Amino acid sequence: MIASGVVAGCSSPSSHSANSNGAAATSTTTGQGPPDWAKLSGSLTGTLLQPSDSGYAAAGHLYNSVYVPNAAAIAQCASAIDVQRCLAFVREHNLEVTAHSGGHSYGGYSSCPGLVIDVSPLDAISVGGPTGTSGQTSVTVGAGSKLIDVYSGLAAQGLLLPGGSCPTVGIAGLALGGGIGVFSRAYGLTCDHMTTVEIVTADSTLRRCGSGDHEDLYWASRGGGGGNFGVVTSFDFEALPIPEAITLFTLEWPWGTADSVLDAWLRWIPSAPDELWANCQLFSSGTVGGGLVKVTGVFVGSVSACSAALNPLTTAVTEGTTYRFVGPENYLTATMIEAGCEGKPVAQCAAPAQSPFAAKSSYVGGPLSESAVTAIVAALSSLPASLPGAGGGVVFDGYGGAINQVAASETGFVHRSAVSCAQYSVTFASTPPAQSARSAASTWLQGLQQTFAPETQGSYQNYIDPTLADWQQAYYGSNLPRLRQVKRAYDPDDMFHFAQSIPA
């Protein structure tokens, strides 16, 4: 249900990382001399890779191919002890450090000029016992697990964990920044199901955080953004039983109705049943004056109940649909479809992918003004003229339901009153994109940001945006002061820093 070549809709991590490609770096050496990489390698159970090693490029893989891995070394950590030894080494030599899981940081923050701590080997998934009387089950997920492996592994046990749609996103970055997905209105965000988190902090201490134990760090880890407080090695989540019935739907209209569809969708989604999740997708067609408009989604329930829930939307649009599908699907197949992996084996779906893109996001709290809707549609209609060969789109993801039933101060994730998050993106025609294309994309995206600005409620930290000026307030809002307190408590020397990390 995600258009090919367009990144909009991927729930990617803000970064499970600590520095930016191109960001000002501190010295990678001290008076003690250059880092003794052989010594570090010999102390690890896992593997240390340097640029001349054959596995380096794969280990440092970045989803956004605008950015290039630039680490002096990558430590593929096989245990929490490996992570602890890496951080002790970083302190000893005053190195830049970042953690890497899925490498989906939109800003390339999963790499840095110093040491990258690759937690992808920590990918074990285990199922425990029931938790309470709600039918939930405790599951332990290694921080290096990819989302499609989490879904397929839990599905085999009849379990569901709400999460994103991109199959190769690392669970760490996703959960630490929130975690929006197709079951979020029904069951909440990924971070809402986190019961404990094991994290190695700047002093190389492995801490198990949860209710009654390092509660402030536990609070911050539920939506406060990846890469800010330490290197996570493991999570415990409460998973849910897979529902008895799941319905998928896709509705398409002619481009001439784009204004009507977007306005109707924004008025409809707040009152839609919590069991229903939907997005409104507007894409450039590659032809000036044209585009694609559709609404897709997932409903926890029967086809008939889903159809009834869709009726107010279709009635409000000025014209009838050109395509309509509403049909039942089993959970894992539905997840694979949402991941763009329909008909593929899980292993193929989990294979690393890359795309050169730039993106921004804005939260909205209700219907947009008529002028804003018109400007969004006009921007997509004119995109091919300014960026020949590039793809572009705006995707509105539905919020509300269980997401907004959690108070903004209850977790680090503050965006609990939004109706939708709009993600607008450009996918470049080549890697690396020409500077002229990057400049044109920046201008186009900035124009859309200005369109949203009078009515926005911030931006999603998992769609991290290196060009966003007021990013601290946009990502964290009223939770920022407490997040800064947690940062000072657990990382007073700001070891985990990157261009948009929470300041100590």
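Residues numbered from 1 in each chain as written. Predicted model: local features only at pLDDT ≥ 70, side-chain atom pairs only at ≥ 80, totals over all residues. Heavy atoms only, no water.

1. A few points about empty space enclosed by the protein
Then comes step 1: Per the counting criterion, the structure on display carries five cavities of 30 Å³ or more.
Then comes step 2: Its boundaries defined by the atoms lining it, the second largest cavity holds a volume of some 70 Å³.
Then comes step 3: Around the second largest cavity, the lining residues are Tyr-151, Leu-161, Pro-162, Gly-163, Gly-164, Ser-165, Gly-181, Val-182, Phe-183, Tyr-331, Thr-335 and Glu-338.
Then comes step 4: With three residues, helix 10 (residues 331-338) is the single largest residue contributor to the lining of the second largest cavity.
Then comes step 5: Of the residues belonging to the lining of the second largest cavity, the class tally is six nonpolar, five polar and one charged. (1 Å grid on protein atoms, 1.4 Å probe; cavity = no way out; pocket = protein on both sides within 12 Å on 5 of 7 lines; lining within 4 Å. Points joined across faces, edges and corners; volume = space filled by probe spheres on them. Helix = DSSP H or I, 4+ residues; strand = E, 2+ residues; numbered from the N terminus. Nonpolar A, V, L, I, M, F, W, Y, C, P; charged D, E, K, R; others polar.)

2. Some words on the side chain of Ser-260
Then comes step 1: As for its placement among the helices and strands, Ser-260 is situated in helix 8 (residues 258-268).
Then comes step 2: Contact partners of Ser-260, with chain neighbours within four places excluded, come to Ala-316, Val-317 and Thr-318. (Contact = heavy atoms within 4.5 Å.)

3. Quick notes on the packing of helix 4 (residues 147-155) against helix 10
Then comes step 1: The N-to-C vectors of helix 4 and helix 10 enclose an angle of 170°; their axes lie 10 Å apart at closest approach. The orientation of helix 4 with respect to helix 10, classified from their angle, is roughly antiparallel. In this structure, helix 4 uses Ile-148, Tyr-151, Ser-152 and Ala-155 to contact helix 10, whose residues at the interface are Tyr-331, Leu-332, Thr-335 and Met-336. (Axes fitted to C-alpha atoms, helices over the stretch in contact; angles between N-to-C directions. Parallel < 35°, antiparallel > 145°, perpendicular 65-115°, else oblique.)

4. Concerning the packing of aromatic side chains
Then comes step 1: All chains considered together, the criterion is met by 17 aromatic pairs.
Then comes step 2: Here the aromatic rings of Trp-471 and Tyr-475 are separated by 6.1 Å at their centres, their planes lie at 45°, and the arrangement is tilted. Taken as a pair, Trp-471 and Tyr-475 lie in helix 14 (residues 471-476) at a separation of four residues, close to a single helical turn. Of the two residues, Trp-471 and Tyr-475, neither departs from the other in class, the shared state being buried.
Then comes step 3: Here the aromatic rings of Tyr-475 and Tyr-476 are separated by 5.9 Å at their centres, their planes lie at 80°, and the arrangement is edge-to-face. Pair check on accessibility: Tyr-475 and Tyr-476 agree, each one buried.
Then comes step 4: Following the ring pairs from residue to residue traces out a cluster consisting of Tyr-63, Tyr-106, Phe-357, Tyr-363, Tyr-399, Phe-413, Tyr-460 and Tyr-463.
Then comes step 5: If you follow Arg-222 out to its NZ or CZ, it ends over the ring of Tyr-218, 3.9 Å from the centre.
Then comes step 6: The lysine or arginine in question, Arg-482, covers the ring of Trp-219, its NZ or CZ lying 4.0 Å from the ring centre. (Phe/Tyr/Trp six-rings, centres within 6.5 Å; stacked < 30°, edge-to-face > 60°. Buried < 20%, exposed > 50% of the residue type's maximum accessible area, 1.4 Å probe, protein only. Lys NZ or Arg CZ within 6 Å of the ring centre and 35° of its normal.)

5. Here's the deal with the nonpolar core
Soluble, globular proteins show a tendency: their nonpolar side chains are buried together.
Then comes step 1: Counting residues in each nonpolar core, the largest one holds 94 residues, and the members touching the most others are Leu-87, Leu-115, Ile-117, Phe-235 and Phe-237.
Then comes step 2: Here the element with the most residues in this core is strand 10 (residues 231-241); it accounts for six residues.
Then comes step 3: Every residue in contact with Leu-115, bar those within four places of it in the chain, is listed here: Trp-37, Leu-40, Leu-48, Ala-73, Ile-74, Ala-75, Cys-86, Val-90, Glu-96, Val-97 and Thr-98.
Then comes step 4: Of all hydrophobic cores here, the second largest spans 54 residues; its members include Leu-276, Val-293, Ala-309 and Ala-390. (Core = buried A, V, L, I, M, F, W, Y, C linked by side-chain atoms within 4.5 Å.)

6. Focus on the state of the cysteines
Then comes step 1: On inspection of all chains with the given rule, the structure shows one disulfide.
Then comes step 2: Between the sulfur atoms of Cys-341 and its disulfide mate Cys-349 the distance is 2.0 Å. Judged by the sign of its S-S torsion, about 80°, the cystine formed by Cys-341 and Cys-349 is right-handed. There is no split in this pair, since Cys-341 and Cys-349 are both buried.
Then comes step 3: Free cysteine: Cys-77, not disulfide-bonded; nearest cysteine sulfur from Cys-86 at 3.9 Å. (Disulfide = S-S within 2.5 Å.)

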